[in-house]
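Chain residues, written in single-letter form:
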Amino acid sequence: MKYTGQVYRPPFEARSLLLQVTRGCSHNSCSFCTMYRDVPFGIESFEQIGEDLKEARELFPAARRVFLENGDAFCLSAERLARIAEMIHEYLPLTEIITMYASVLNIRDKTDAELKMLRDLGIDQLNVGVESGLDDALRYMNKGYTAAEAVRELKRLRSAGMDYAANVILGGAGSGRQRENAEATAALLNETRPYLVFTGTLHSEPGCPLHEDLRTGAFRENTFREYLEEEECLLENLKLQGCYFFGLHPSNVVQAYGVLDRDKEKLLGEVRRRKEELREVLDLQPLRGGEGAVLL
Ligand code: SF4
């Protein structure tokens, strides 16, 4: 199997077959992201995809879930994605779900009929970096869409029969705006009903605008208290049934996992317990390690 550069996938795709169909990210300019800064965007050839699928048929003939690499593979045209899906079903006939990272912009570029056609070919449960429900936070992150546009496109996706997993960034609006960001993000999620909410906190590596803004103080990161208040407020405002809440990214101040709405009290209890545990450092900002891991 051929992969270019570092391979990224959501943690809950650990058991999926990873098939490269693009290199890098077609947007590659979110202010907090350095994942593909050194990888020029490119499209994998059908010949290479066929070679990889031949190898996968030998190594993983029982694959049921395929995750298409890289940063926003849903940027490919509907026609190209359809052909890739057909190739996957030909080589790996047990495949049930084909999924990938997708941006709101990638959805916008497809018609309703194309979305429905892709769903019929098994493309589903896309992983979308929604990030925030606040327009100015989205603008600062350079996502390229407003909250209203995200709602419109995600609703089109849902109407085509596709589920989606939402990535959201706690602290995405900066210090002092934890409630505002949590309420706006919860409203966006309540309206678009993801099957999974994946939370991480705002962090960056050298080489992106956010890193520079954090260094100069132009952007002030949340304190521990603000991160925990934001997560508490998000949980309190989410009105989703049967939705996984996946808060296990190493950058999170509290590690929490459960199913909404059933486990809401348990999740809120974990946030409050963590607040108590960190009571002496609540007004400090976290120290970070690799992948934004909270060291203290
Ligand atoms: S966050 Fe996603 S869409 Fe934005 S630059 Fe990184 S990989 Fe591309």
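Residues numbered from 1 in each chain as written. Predicted model: local features only at pLDDT ≥ 70, side-chain atom pairs only at ≥ 80, totals over all residues. Heavy atoms only, no water.

Student: Could you give an account of the overall build of the chain, with specific residues and numbers?
Tutor: Helices and strands together make up the secondary structure of the chain, namely 10 helices and 10 strands. Here the C-alpha radius of gyration of the chain, 19 Å, is about what a compact globule of 296 residues would show, namely 19 Å. Counting only C-alpha atoms and orienting by the principal axes, one finds that the chain spans roughly 55 × 40 × 35 Å. Every one of the 296 residues in the chain was classed for burial, and the buried ones make up 56%. Partitioning the intrachain contacts of the chain with sequence separation of at least 6 by distance along the chain shows that 76% fall at a separation of at least 24. Looking at the chain as shown, the accessible area adds up to about 12900 Å², and 50% of this sits on carbon and sulfur atoms. Both charge centroids of the chain, one from 37 positive and one from 47 negative side chains, sit 2 Å from each other. (Helix = DSSP H or I, 4+ residues; strand = E, 2+ residues; numbered from the N terminus. Rg over C-alpha atoms; globule rule 2.2 N^0.38 Å. Buried < 20%, exposed > 50% of the residue type's maximum accessible area, 1.4 Å probe, protein only. Contact = heavy atoms within 4.5 Å. Areas by Shrake-Rupley, 256 points an atom, 1.4 Å probe, with all protein chains shown as cover. Lys, Arg positive; Asp, Glu negative; His and termini not counted. Charge placed at Lys NZ, Arg CZ, Asp CG, Glu CD.)

Student: Please provide a residue-by-residue account of the side chain of Asn127, values included.
Tutor: Along the chain, Asn127 turns up in strand 6 (residues 126-131). With near-sequence residues (within four places) excluded, Asn127 lies in contact with Pro10, Phe12, Thr99, Met100, Tyr101, Ala102, Ala165 and Asn167.

Student: I'd like a description of the nonpolar core, backed by residues and values.
Tutor: Among the nonpolar cores identified, the biggest contains 87 residues, and Leu68, Phe74 and Ile123 are the most heavily contacted of them. Sorting elements by how many residues they give to this core places helix 2 (residues 78-91) first, with 8 residues. Apart from the residues within four sequence positions on either side, Ile123 is in contact with Phe74, Leu81, Ala85, Ile98, Met100, Leu118 and Met162. If you look at the next biggest cluster of nonpolar residues, it comprises 5 residues, including Ala165, Tyr195, Phe198 and Phe246. (Core = buried A, V, L, I, M, F, W, Y, C linked by side-chain atoms within 4.5 Å.)

Student: I'd like to hear about the pattern of salt bridges, residue by residue, with values.
Tutor: One side chain can pair with another of opposite charge once the charged atoms of both are near each other. Per the stated rule, a full pass over the model turns up 28 salt bridges. With a shortest N-O distance of 3.5 Å, Arg23 and Glu44 are connected by a salt bridge. In this pair, Arg23 sits in strand 2 (residues 22-23) while Glu44 sits in the loop between strand 3 (42-43) and helix 1 (46-59), placing the two residues 21 residues apart along the sequence. It is possible to trace a salt-bridge network through shared partners that takes in Asp112, Arg152, Glu153 and Arg156. (Salt bridge = Lys/Arg side-chain N within 4 Å of Asp/Glu carboxyl O.)

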